[in-house]
Amino acid sequence: MNKHIVITALAATVAGSAIAEPNIIATVGMVGQPTDRIASGCANVSTMMAAGIDPHLYKPSSGDVKQLFESDAIIYVGNHLEGQMGSVLGDLNAKKPVLAAAEKGVSQDVMIVEEGAEYPDPHIWMDVELWSGIATPIAALLEDLDPGCEGAQERAGAYQAELIALDKWISEAIATIPQDQRSIVTAHDAFAYYGRAYGIDVVAIQGVSTESEAGIADIREVVDTVIEQNVPAIFVESTINPRTVEAVVEAAAARGHTVRVGGELYSDAMGETGTAEGTYIGMLASNTKTIVEALGGTVPPLPAELSEWSQHWGEKT
């Protein structure tokens, strides 16, 4: 064989191995999409649970488990969000980098009690300023996996700046809702962090986990609140059957109070991949627009810091 061809082939092989990218598996989009954004081509990032999938109830298939074992790293939320996957993730923790994003770099101080056990509320992504804290450990993981992944920390910082601007915009948007109408009524208790961060009351028909169904007493209690507070609209969620919300609407009507479904919120999953709502920024922006418009507020323009994001997705600034 020609010596020049051998050397060229060897150089191509070495170059190919040098650019091999680590494979990272994320359980849900709220960690997967920010990881992909911060990686910016330094890693192959795939998300296990698609839009509309309830992580509380998700059971990994044999194919999922195989994918997890073959990955170079795993990023998940933690705090019992991926309840059915806990044992698998625990087993893998000793074999490869496994990052529980909600348990590292993020302040966790909303506690819940269910079935006699107390643990942190996993829905921390509903407070954008808090959730921005996941960017730093994600960047550190990327740099550990691939020292050649230059600029991960800088991209994490730029992303955090966008999230801080989004956080401020949400506060301004919620503040336009008349004070006596600042109540979010949803299917399950995923919005406690959102309510605390942005100054709006939150009422849920069922608890943080969706493993148990809401009962008649739960629905009756929510109807009482809807009538007492004269709530004009309540919300369904993309991952939960709307029947309990519809039951509240019907029960309120039977008692002479009209309340409508104000729209669909993204709680435990983002929107479809390839849409604005399929990004973390778009998820929170969409939720806020839906809430503000349904409850009588006025949605302000998105801030200049989100101009690049909004231009990409065709959103108005």
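The present account deals with the structure reproduced in this document. Quick caveat, the model's predicted, so the values are computed rather than measured.

### A short note on the state of the cysteines
A full pass over the atoms with the stated rule returns one disulfide. Paired by a disulfide, Cys 42 and Cys 149 hold their sulfur atoms 2.4 Å apart. Taking the sign of the S-S torsion, about 100 degrees here, the bridge from Cys 42 to Cys 149 comes out right-handed. Here Cys 149 lies in the loop between helix H6 (135-145) and helix H7 (152-174) and Cys 42 lies in the loop between helix H2 (29-39) and strand E2 (44-47), a separation of 107 residues in the sequence.

### Brief notes about unusual backbone geometry
Unlike most non-glycine residues, His 80 shows phi in positive territory, near 70 degrees. Inspection of the secondary structure assignment puts His 80 in the loop between strand E3 (73-76) and helix H4 (86-92). Judged by its relative accessible area of 55%, His 80 falls in the exposed class. Located in the positive-phi region is Asn 230, a residue other than glycine, with phi close to 55 degrees. Position of Asn 230 relative to the elements: it lies in the loop between helix H9 (216-228) and strand E9 (233-237).

### Quick word on the environment of Gly 41
As for its position among the elements, Gly 41 is in the loop between H2 and E2. With 108 residues separating them along the chain, Gly 41 and Cys 149 place their C-alpha atoms 8.6 Å apart.

What counts and how
Residues numbered from 1 in each chain as written. Predicted model: local features only at pLDDT ≥ 70, side-chain atom pairs only at ≥ 80, totals over all residues. Heavy atoms only, no water. Disulfide = S-S within 2.5 Å. Helix = DSSP H or I, 4+ residues; strand = E, 2+ residues; numbered from the N terminus. Buried < 20%, exposed > 50% of the residue type's maximum accessible area, 1.4 Å probe, protein only.

Purely spatial values, then, with no claim about function.
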